[in-house]
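Structural overview
Each chain, letter by letter, is given below.
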Amino acid sequence: IGIILFNKSFYSILFFSAIRTFGASILITNSTLLLQYLCKPDMLGRVLALEYASSMGIDSLTNVLAGYLQDQHFSKEYIASIAVAVGCVLGIIWTCYYRYVGLPNIIVVRTISDD
């Protein structure tokens, strides 16, 4: 959102890109830790490989779609607005799903010696 609103200078774009990157890193780390807690140890490598491959595939797909939309003469602000709207919709779906289903209660921290 900051890039859309304050895209007048290179330094503001750089600043908001850094903030977005920090937020994405936190989300990726938390989701990977959640997978490590929920997964059986003998399946962990496969699950993490699938998670990594799917995230890289979706990243590539969004880059292709953004490039296609730019080739169709859509503005960068419009493409960013579409990405924000898709993120908001997915966030609402995620929140509604886990409000009704709920995440497992993870209280015990596993250590290497526990396995």
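Residues numbered from 1 in each chain as written. Predicted model: local features only at pLDDT ≥ 70, side-chain atom pairs only at ≥ 80, totals over all residues. Heavy atoms only, no water.

Check the secondary structure of the chain and you find four helices and zero strands. Each helix and strand of the chain, ordered N terminal to C terminal, gives the series α-α-α-α. The buried share of the chain, taken over its 115 residues, is 3%. Residue pairs in contact within the chain that sit at least 24 positions apart in sequence constitute 45% of those at least 6 positions apart. Approximately 9,600 Å² of the chain is accessible, and the part contributed by carbon and sulfur atoms is 70%. (Helix = DSSP H or I, 4+ residues; strand = E, 2+ residues; numbered from the N terminus. Buried < 20%, exposed > 50% of the residue type's maximum accessible area, 1.4 Å probe, protein only. Contact = heavy atoms within 4.5 Å. Areas by Shrake-Rupley, 256 points an atom, 1.4 Å probe, with all protein chains shown as cover.)

Once that is clear, we can look at unusual backbone geometry. Despite not being glycine, histidine 73 shows a phi value in the positive range, around 70°. Secondary-structure assignment places histidine 73 in the loop between helix H3 (44-71) and helix H4 (76-100).

Here we take up H3. Its 28 residues give H3 an end-to-end C-alpha distance of 40 Å, which sits within 8% of 40 Å, the value for a rise of 1.5 Å per residue. Two residues or fewer after H3 comes histidine 73, characterised by a positive phi angle close to 70°. (Expected span 1.5 Å × (residues − 1).)

Further remarks concern a nonpolar patch on the surface. On the surface, a nonpolar cluster with roughly 630 Å² of combined accessible area is contributed by Phe74, Tyr78, Ile82, Val86, Val89, Leu90 and Ile93. Position of valine 86 relative to the elements: it lies in helix H4. (Patch = residues over 30% accessible without salt bridge, like charges linked within 9 Å, V, L, I, M, F, W, Y side chains within 5 Å. Salt bridge = Lys/Arg side-chain N within 4 Å of Asp/Glu carboxyl O.)

For the structure on display, the rule yields one aromatic pair. Ring centres of phenylalanine 74 and tyrosine 78 lie 5.2 Å apart, and the angle between their planes is 15°; on these two criteria the pair is classed as stacked. Taking relative accessible area as the criterion, tyrosine 78 reaches 43% and is therefore assigned partly exposed. (Phe/Tyr/Trp six-rings, centres within 6.5 Å; stacked < 30°, edge-to-face > 60°.)

It is the contact of H3 with H4, at a shortest axis distance of 10 Å, that shows an interaxial angle of 145°. Crossing of H3 against H4: the hand is right-handed. Only Lys76, Ile79 and Ile82 of H4 make contact with H3, whose side of the interface consists of Ala66, Leu69 and Gln70. In the contact of H3 with H4, the residues fall into four nonpolar, one polar and one charged. (Axes fitted to C-alpha atoms, helices over the stretch in contact; angles between N-to-C directions. Left-handed = near helix turned anticlockwise from the far one by under 90°. Nonpolar A, V, L, I, M, F, W, Y, C, P; charged D, E, K, R; others polar.)

Here the chain averages 80 in pLDDT, and 82% of its residues register 70 or above. Within the chain, helix H1 (residues 2-5) has the poorest average pLDDT of any element, 57, and H3 the best, 91. (pLDDT = per-residue confidence, 0-100.)

A word on the packing of helix H2 (residues 10-38) against H3. Each packed pair of helices is defined by two parameters, the angle between the axes and the distance between the axes. It is the contact of H2 with H3, at a shortest axis distance of 10 Å, that shows an interaxial angle of 155°. Regarding the angle of H2 to H3, the classification is roughly antiparallel. Between H2 and H3 lies a crossing of right-handed hand. For the pair H2 and H3, the contacting residues are Ser31, Thr32, Leu35 and Gln36 in the first and Leu44, Val47, Leu48 and Glu51 in the second. (Parallel < 35°, antiparallel > 145°, perpendicular 65-115°, else oblique.)

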